[in-house]
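Inside the fold
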Amino acid sequence: MRVVLPLCLLALSAALAGCMHDKRAQYLTGPPVSLSGEPLVDDPSADCRTAVAAWFQRADRNRDGHLDLTEAKADAARFFAEVDSNGDSYLTAYE
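Report on the accompanying structure. (Residues numbered from 1 in each chain as written. Predicted model: local features only at pLDDT ≥ 70, side-chain atom pairs only at ≥ 80, totals over all residues. Heavy atoms only, no water.)

This next bit is on the pattern of salt bridges. Within this structure, the stated rule accounts for three salt bridges. The shortest N-O distance in the salt bridge between Arg78 and Glu38 comes to 2.4 Å. Here the residue Arg78 occupies a position in helix α3 (residues 69–83), and Glu38 occupies one in the loop between α1 (4–17) and α2 (48–59), the gap between them amounting to 40 residues. For Glu38, a relative accessible area of 10% corresponds to the buried category. With a shortest N-O distance of 3.1 Å, Arg78 and Asp75 are connected by a salt bridge. You can see Arg78 and its partner Asp75 sitting in helix α3, three residues apart, about one turn around the helix. A residue is classified by how much of its surface remains accessible, and Arg78, at 29% relative accessible area, is partly exposed. What makes Asp75 buried here is its relative accessible area of 5%. Several salt bridges converge on common partners, so that one network encompasses Glu38, Asp75, Arg78 and Glu82. (Salt bridge = Lys/Arg side-chain N within 4 Å of Asp/Glu carboxyl O. Helix = DSSP H or I, 4+ residues; strand = E, 2+ residues; numbered from the N terminus. Buried < 20%, exposed > 50% of the residue type's maximum accessible area, 1.4 Å probe, protein only.)

Here is the structure:
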């Protein structure tokens, strides 16, 4: 559990870095992603601030402006189910 939260925070930092326009952004490149790695846009040139805000609104179930661990896990479970194309509760390299 202690490893998961820092990894989630790193992923969120990477997602938001795509929206920054300063020197930190040069180290974290690529389209914005959710905490669980879900791509938030199909087009890397799309407005990442809008994409991140829309994802955050979906993930923030209680609308308090913060993601707690329960909300982050629920969002990750939703994305896992989406990627698990055969519904067997396991992910393969193909999926």
